[in-house]
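Structural description and commentary
Now for the letters of each chain:
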Amino acid sequence: MLGLLGDGTFGRVLEVEDIFSHSLFAMKVIRPVARYIHSAKIEYDILTKVNQNDIFNASHAIRGFDAFTFDRDHVTYYAIIFEELGKSLYDFLKENGFKGYPMSQIQRIAKQVFEGIGVMHRMGLIHTDLKPENLMFTKLSAKRIENSHNWPINVRAKVRKTFFQHDDPDANLDYFVIKDPEIRIIDFGGAIYIKDDDCHGIINTRQYRSPEVILNCQWNEKSDVWGIACILAELYTGEVLFDTHENEEHLCLISKVCGSYPEWMIHSADSELRKIFHQSSYCR
């Protein structure tokens, strides 16, 4: 074990080295909590099936190499060995002052994500938690463009001031661009196989949750596509498309961007949420 790569609710990720080949990997060590371990075992099982059916890496899924248990201080831990990756799309966006990605790179990222999710959907698999944190670059390298006035999109001044700590937001416009935007899709802990009787309940991180999921209608693999659209908008603007934590506000924001809701969705909605709709303004 060489060092810590990150911490999370599930446990932590360590950088490890194979003492024979000297290759570097990421080891995800799960906290000794039954539900976390159960989810991790499902994740590794699903990822193994994706990797085995994807010899040409068309899924752009992270590679899982091994999983095992080990004991330490009389506690049994579960660990998964993955390929080591670079930063997540969110982390790079954050470190870049929440300035959007260049359109050419957004196009390359979009192509990879759509290809990967297409492979998974053809396998009958729904990821259920697509977001910038779960898309990672394969490499860390980036180049800096000094005093660049050619940002992909103008960022609100207060963000510039906060990031650069300068009274004049245009005084320093350094901008970082990832050299090779090759990505991997990670975190299959919430992935499920498509079954009509399973596709109910809440999935996805709030800001990337599709309206049929919010309304507790029956949903399907299209919920992944909604998440991808939210991600691409965020990569362009640097800001979350639907920045909310509450159902009614979220539904109103979606309506403002996408228009009124189809009648079937409102009629299939959870009874409590159905009350907030008015036929004249929300459905078509």
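Residues numbered from 1 in each chain as written. Predicted model: local features only at pLDDT ≥ 70, side-chain atom pairs only at ≥ 80, totals over all residues. Heavy atoms only, no water.

Before going further, it helps to examine the pattern of salt bridges. A side chain of one charge can pair with a side chain of the opposite charge if their charged atoms are brought near each other. All chains considered together, the criterion is met by twelve salt bridges. Here Lys-111 and Glu-115 are joined by a salt bridge, their closest N and O atoms 2.5 Å apart. Within this pair, Lys-111 and its partner Glu-115 are both found in helix α3 (residues 103–122), separated by four residues, close to a single helical turn. (Salt bridge = Lys/Arg side-chain N within 4 Å of Asp/Glu carboxyl O. Helix = DSSP H or I, 4+ residues; strand = E, 2+ residues; numbered from the N terminus.)

Below, the discussion takes up α3. Taking 1.5 Å of rise per residue, 20 residues should cover 28 Å, and α3 covers 28 Å from first to last C-alpha, within 8% of that figure. Taken residue by residue, α3 has Gln-105, Ile-106, Ile-109, Ala-110, Gln-112, Val-113, Gly-116, Ile-117, Gly-118, Val-119, Met-120 and His-121 as its buried positions. On its buried face, α3 is in contact with α2 (89–95), β6 (125–126), β7 (135–137), β9 (175–178), β10 (183–185) and α6 (222–237). Gly-124 occupies a position one or two residues after α3 and carries a positive phi of about 80 degrees. (Expected span 1.5 Å × (residues − 1). Buried < 20%, exposed > 50% of the residue type's maximum accessible area, 1.4 Å probe, protein only. Contact = heavy atoms within 4.5 Å.)

What follows concerns α6. Here α6 is 16 residues long and its end C-alpha atoms lie 23 Å apart, about the 22 Å a rise of 1.5 Å per residue gives. All buried positions along α6 are accounted for by Ser-223, Asp-224, Trp-226, Gly-227, Ile-228, Cys-230, Ile-231, Leu-232, Glu-234 and Leu-235. Looking at the buried residues of α6, the elements they touch are α2, α3, β6, β7, α5 (211–214) and α7 (247–258). Taken from the residues just after α6, Gly-238 is the one with a positive phi, measuring 85 degrees.

So, about the sheet that holds strand β2 (residues 11–17). Taken together, five strands build an open sheet; the order of strands is β1-β2-β3-β5-β4 and the sheet is antiparallel. With partners counted over all chains shown, the strands left at the sheet margins are β1 (3–7) and β4 (64–72), one partner each. The sheet shows a mean angle of 30 degrees between the axes of neighbouring strands, taken without regard to direction. The sheet contact formed by strand β3 (residues 24–30) and strand β5 (residues 75–83) spans six bridges and is antiparallel. The residue bridging Lys-28 from the neighbouring strand is Ile-80, located in β5. Seen against the sheet, helix α1 (residues 34–52) touches β3, β4 and β5 and runs at an angle of roughly 25 degrees to β5. (Pairing = 2+ DSSP bridges. Axes fitted to C-alpha atoms, helices over the stretch in contact; angles between N-to-C directions.)

Counting 56 residues, the largest nonpolar core has Leu-89, Tyr-101, Ile-109, Phe-137, Phe-188, Leu-215 and Leu-235 as its most contacted members. Looking at which element gives the most residues to this core, the answer is α1, with seven residues. Residues within four places of Ile-109 in sequence aside, it is in contact with Leu-89, Tyr-101, Phe-137, Pro-181, Ile-183 and Leu-235. (Core = buried A, V, L, I, M, F, W, Y, C linked by side-chain atoms within 4.5 Å.)

Once that is clear, we can look at the confidence of the model for the protein. Predicted coordinates in regions of low pLDDT should not be interpreted in detail. Of the residues in the protein, 87% have a pLDDT of 70 or more, and the chain-wide mean is 87. Low pLDDT, under 50, characterises residues 157–171; the stretch is placed with 25 contacts to residues that sit more than four places away or in other chains. (pLDDT = per-residue confidence, 0-100.)

Attention now moves to the packing of aromatic side chains. Ring pairs (aromatic) are described by centroid distance and by the angle formed between their planes. Applying the stated rule across the entire model yields nine aromatic pairs. For the pair Trp-226 and Phe-242, a centre-to-centre distance of 6.1 Å together with 10 degrees between the ring planes defines the contact as stacked. With Trp-226 in helix α6 and Phe-242 in the loop between α6 and α7, this residue pair connects regions lying 16 residues apart in the sequence. The pair Trp-226 / Phe-242 is uniform in exposure class, with both members buried. Three or more aromatic residues joined by ring pairs make a cluster, and in this case those are Phe-68, Phe-70 and Tyr-77. In this structure, Lys-28 packs its charged tip against the face of Phe-10, placed 4.6 Å from the ring centre. (Phe/Tyr/Trp six-rings, centres within 6.5 Å; stacked < 30°, edge-to-face > 60°. Lys NZ or Arg CZ within 6 Å of the ring centre and 35° of its normal.)

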